[in-house]
Amino acid sequence: QYRRADDLEYSAQMAKAFVLGKVANCRTVLQRALRDHAQKMEEDTLRQGVADLSRALESLTLNQTLDAVRGLEGDAAHTYFNVFDHLIVAQKESFCFQERNRRPPLDNVNCLLSFLYTLLVHDCRSALESVGLDPACGFLHRDRPGRPSLALDLMEEFRPFLSDRLTLSLINLRQVQDKGFKKSESGAVTMSDETRKTLLVAYQERKQEEILHPFLDEKVSIGILFHVQALLLARCLRGDLDGYPPFIWK
């Protein structure tokens, strides 16, 4: 793992796989929203977002340097979050999304996203350790003291599929409400213990749902996906697979 991470060309190939999974799953989030709730949303804006993400996916099939892959990931994330507010169809006065911000989150939506991303990175870190990989030695995210870079790499493909969709469900189904959040004098938004409990319960319930794994072609629970992908990543790094197959939600 360490030798491969030192190889920038190999790192670029691995980074492409992680980013491809993320961008494909972001596009699917938008496509499903259009399919299920087009009448409630800015249809043209979302379709433009889908088209832009499709172009990003095409670019990722080309031979790209690591910096170029990072640039594509940044552009795709910007495209996705530019239309994210259109996916919120309830409680718009309390849950309006303008841009991604963190450390600290400055609005209710970012507060939800940051909390769920934290849960996600811990699950990815545990999965990587369970298959013998060092969660601190990444490819897309480079080494930095105290940062679980490989866990951050692995979680990219799960962000839209799990955390973003769960955030939208909680808001649109009114399972979280404005009274569960508090803004400090500095502008930082925090959530109440009750809201935090709601998120934890919803996250654990979502992990119990089953899906068909696109690579294994077997039904697995969402909670097992982290371990499955970590295992596939370990097999790739050890030379048992020709490349890493990211989790792409159908």
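Residues numbered from 1 in each chain as written. Predicted model: local features only at pLDDT ≥ 70, side-chain atom pairs only at ≥ 80, totals over all residues. Heavy atoms only, no water.

Tell me about the overall build of the protein chain, and please be specific about residues and values.
Summing up its helical and strand segments, the protein chain has nine helices and four strands in all. Overall, the protein chain shows an N-to-C arrangement of helices and strands of α-α-α-α-α-α-α-β-β-α-β-β-α. At 18 Å, the protein chain has a C-alpha radius of gyration in line with the 18 Å of a compact globule built from 250 residues. Counting every position in the protein chain, which comprises 250 residues, the buried fraction comes to 54%. Contacts in the protein chain between residues at least 24 apart in sequence constitute 65% of all its contacts with a sequence separation of at least 6. Summing over all exposed atoms, the protein chain offers an accessible surface of approximately 12500 Å²; the carbon and sulfur share of this is 47%. Charged side chains in the protein chain number 33 positive and 35 negative. The centres of these two groups are separated by 2 Å. (Helix = DSSP H or I, 4+ residues; strand = E, 2+ residues; numbered from the N terminus. Rg over C-alpha atoms; globule rule 2.2 N^0.38 Å. Buried < 20%, exposed > 50% of the residue type's maximum accessible area, 1.4 Å probe, protein only. Contact = heavy atoms within 4.5 Å. Areas by Shrake-Rupley, 256 points an atom, 1.4 Å probe, with all protein chains shown as cover. Lys, Arg positive; Asp, Glu negative; His and termini not counted. Charge placed at Lys NZ, Arg CZ, Asp CG, Glu CD.)

How would you summarise unusual backbone geometry if you had to cite specific residues and measurements?
Glycine aside, a negative phi is what most residues show, and trans is what most peptide bonds show. Omega for the peptide link from Arg-103 to Pro-104 comes to 0 degrees, which places this bond in the cis form. Secondary-structure assignment places Pro-104 in the loop between helix H4 (66-83) and helix H5 (108-130). Positive phi, normally seen in glycine, also occurs at Gln-91, with a value near 55 degrees. Counting through the fold element by element, Gln-91 comes out in the loop between H4 and H5. Under the relative-accessibility criterion, Gln-91 is labelled buried at 9%. Backbone geometry places Arg-103, a non-glycine residue, at a positive phi of 50 degrees. Its location among the elements puts Arg-103 in the loop between H4 and H5.

Now, about H5: what can you tell me, with residues and values included?
Taking 1.5 Å of rise per residue, 23 residues should cover 33 Å, and H5 covers 34 Å from first to last C-alpha, within 8% of that figure. Measuring from the side-chain oxygen of the N-cap residue of H5 to the backbone nitrogen of Val-109 gives 3.1 Å; that N-cap residue is Asp-107. Positive phi appears at Gly-132, one or two residues downstream of H5, with a value of about 85 degrees. (Expected span 1.5 Å × (residues − 1). Polar contact = N/O pair within 3.5 Å; in protein donor to acceptor, adjacent residues only side chain to side chain.)

Before we move on, could you go through the nonpolar core and cite the residues and values that matter?
Judged by nonpolar contacts, the single largest core of 87 residues is most densely connected at Phe-84, Leu-87, Leu-233 and Tyr-244. For this core, the leading source of residues is helix H2 (residues 8-37), giving 14 residues. The contacts of Leu-87, once residues within four sequence positions are left out, are Val-29, Leu-30, Ala-33, Met-41, Leu-46, Leu-168 and Asn-172. (Core = buried A, V, L, I, M, F, W, Y, C linked by side-chain atoms within 4.5 Å.)

Now, about the packing of aromatic side chains: what can you tell me, with residues and values included?
Scanning the model with the defined rule gives 12 aromatic pairs in all. Here the aromatic rings of Phe-161 and Phe-247 are separated by 4.9 Å at their centres, their planes lie at 65 degrees, and the arrangement is edge-to-face. Here Phe-161 is found in helix H7 (residues 158-172), whereas its partner Phe-247 is found in the segment after helix H9 (222-237), with 86 residues between them in sequence. Comparing Phe-161 with Phe-247, the two get one shared label, buried. By the ring-pair criterion, three or more aromatic residues cluster together here, those being Phe-158, Phe-161, Phe-226, Phe-247 and Trp-249. Above the ring of Tyr-117, the side-chain terminus of Arg-159 is found at 4.5 Å from the ring centroid. (Phe/Tyr/Trp six-rings, centres within 6.5 Å; stacked < 30°, edge-to-face > 60°. Lys NZ or Arg CZ within 6 Å of the ring centre and 35° of its normal.)

Please set out the pattern of salt bridges residue by residue, giving values where relevant.
Applying the stated criterion across every chain yields a total of 12 salt bridges. The shortest N-O distance in the salt bridge between Lys-92 and Asp-85 comes to 3.0 Å. Overlapping salt bridges bring together Lys-22, Glu-73, Glu-156 and Arg-159 as one network. (Salt bridge = Lys/Arg side-chain N within 4 Å of Asp/Glu carboxyl O.)

From the geometry alone we can't say anything about function, so treat these as descriptive.
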